[in-house]
Amino acid sequence: GNSVTQMEGPVTLSEEAFLTINCTYTATGYPSLFWYVQYPGEGLQLLLKATKADDKGSNKGFEATYRKETTSFHLEKGSVQVSDSAVYFCALSNTGGFKTIFGAGTRLFVKA
Amino acid sequence: DSGVTQTPKHLITATGQRVTLRCSPRSGDLSVYWYQQSLDQGLQFLIQYYNGEERAKGNILERFSAQQFPDLHSELNLSSLELGDSALYFCASSPEGGPLYGYTFGSGTRLTVV
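Residues numbered from 1 in each chain as written. Chains lettered and ligands numbered in written order. Predicted model: local features only at pLDDT ≥ 70, side-chain atom pairs only at ≥ 80, totals over all residues. Heavy atoms only, no water.

Asks: Would you take a moment to explain the pairing of strand 5 (residues 42-50) of chain B for this structure?
Replies: On any regular strand, side chains alternate: one points to one face of the sheet, the next to the other face. All names here are of chain B. Among the nine residues in strand 5, nine count as buried, and that is most of the element. The sheet contact formed by strand 4 (residues 31-38) and strand 5 spans eight bridges and is antiparallel. For Ser38, the partnering residue across the bridge sits in strand 5 and is Gly42. Linkage of strand 4 to strand 5, two consecutive antiparallel strands, is achieved through a turn of three residues. Sheet analysis places strand 5 next to strand 6 (residues 53-57), joined by four bridges and oriented antiparallel. (Buried < 20%, exposed > 50% of the residue type's maximum accessible area, 1.4 Å probe, protein only. Helix = DSSP H or I, 4+ residues; strand = E, 2+ residues; numbered from the N terminus. Pairing = 2+ DSSP bridges.)

Asks: Help me understand the packing of aromatic side chains, please; the structure alone is not making it clear to me.
Replies: Each aromatic ring pair is described using two quantities: the centre-to-centre distance and the angle formed by the ring planes. Residue and element names in this part refer to chain A. Tallied over the entire structure, the rule returns 15 aromatic pairs over all chains. Taking the centre distance of 6.5 Å and the plane angle of 90° together, the rings of Phe89 and Phe102 count as edge-to-face. In this pair, Phe89 is assigned in strand 10 (residues 86-93) and Phe102 in strand 11 (residues 100-102), connecting sequence segments 13 residues apart. For the pair Phe89 and Phe102, one class covers both residues: buried. (Phe/Tyr/Trp six-rings, centres within 6.5 Å; stacked < 30°, edge-to-face > 60°.)

Asks: What's the story with the nonpolar core in this structure? I'm lost.
Replies: For soluble globular proteins, nonpolar side chains are generally found buried alongside one another. Residues A:Leu19, A:Trp35, A:Leu47, A:Leu48, A:Phe73, A:Leu75 and A:Tyr88 are the most contacted members of the largest nonpolar core, which totals 26 residues. Listing elements by their share of this core, those giving two or more residues are strand 2 (11-14), strand 3 (19-21), strand 4 (23-26), strand 5 (32-38), strand 6 (44-50), strand 8 (62-65), strand 10 and strand 12 (106-111) of chain A. It is strand 10 of chain A that contributes the most residues to this core, four residues altogether. In this view, A:Leu19 contacts A:Val11, A:Leu13, A:Phe62, A:Leu75, A:Glu76, A:Lys77, A:Val80 and A:Leu108; residues no more than four positions away in its chain are not counted. By size, the runner-up hydrophobic cluster in this structure holds 20 residues, among which are B:Leu46, B:Ile47, B:Phe64 and B:Cys91. (Core = buried A, V, L, I, M, F, W, Y, C linked by side-chain atoms within 4.5 Å. Contact = heavy atoms within 4.5 Å.)

Asks: Sorry if this is basic, but what is going on with the interface of chain B and chain A here?
Replies: One frequent convention defines the size of an interface as the accessible area lost when the parts assemble. Contact residues are listed per partner, giving 17 residues for chain B and 19 residues for chain A. When chain B packs against chain A, close to 1500 Å² is buried across both sides, 62% of that on carbon and sulfur atoms. At the boundary of chain B with chain A, the tally comes to zero salt bridges. Viewed at the interface, chain A and chain B are joined by four residue pairs in polar contact (both at pLDDT 80 or more). Where the side of chain B that touches chain A is concerned, the elements lending two or more residues are strand 4, strand 5 and strand 6 of chain B. Residue composition of the side of chain B that touches chain A, by class: eleven nonpolar, five polar and one charged. (Buried area = accessible area lost by both parts, 1.4 Å probe. Salt bridge = Lys/Arg side-chain N within 4 Å of Asp/Glu carboxyl O. Polar contact = N/O pair within 3.5 Å; in protein donor to acceptor, adjacent residues only side chain to side chain. Nonpolar A, V, L, I, M, F, W, Y, C, P; charged D, E, K, R; others polar.)

Dropping the structure here:
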């Protein structure tokens, strides 16, 4: 079946550090891939998405590239800020599917 | 404001009771999805409705039920509540393209069963 595996947290970084959160997936066919972010006390927000292989999703300085050969969708940001502290979820939706499958989430702490 | 409205924001109730959670999807979205978020289980898909009809079921207990009304708002009914049902319940909506283009989430209802 379809599944998403993302790196365990928490990840603690200093402000302006480089961020990578790893995400790999298992799916049949050609899924759409997503990163969602959840700030404390809030619901999830769609951060970026990619709908086909080699697509790069980007938003607010975050990027992720859909790599079919390695079944990965790693999240990166060149310089994190304290305001990026949140939980990040990798997710996939498959063609013909009716739901999105989420990874376990990775908590990010950014220190000033 | 994401455009998806969930009420109430917080709910405290006793074991054995029944509660109803309400969700209004973003304007124009036909699909509504319910998810349960707990510390040990992560985000678990419960059920999806599309334009009033049940489309998919996930790990939804028999004590739980949902429906989507003609105005597209949805209600999640939880009965015979147990301590383990304490969690955040999220509603999300998507346009006709379904989950392939991403969801818009509400801010959730925090249910505490005592």
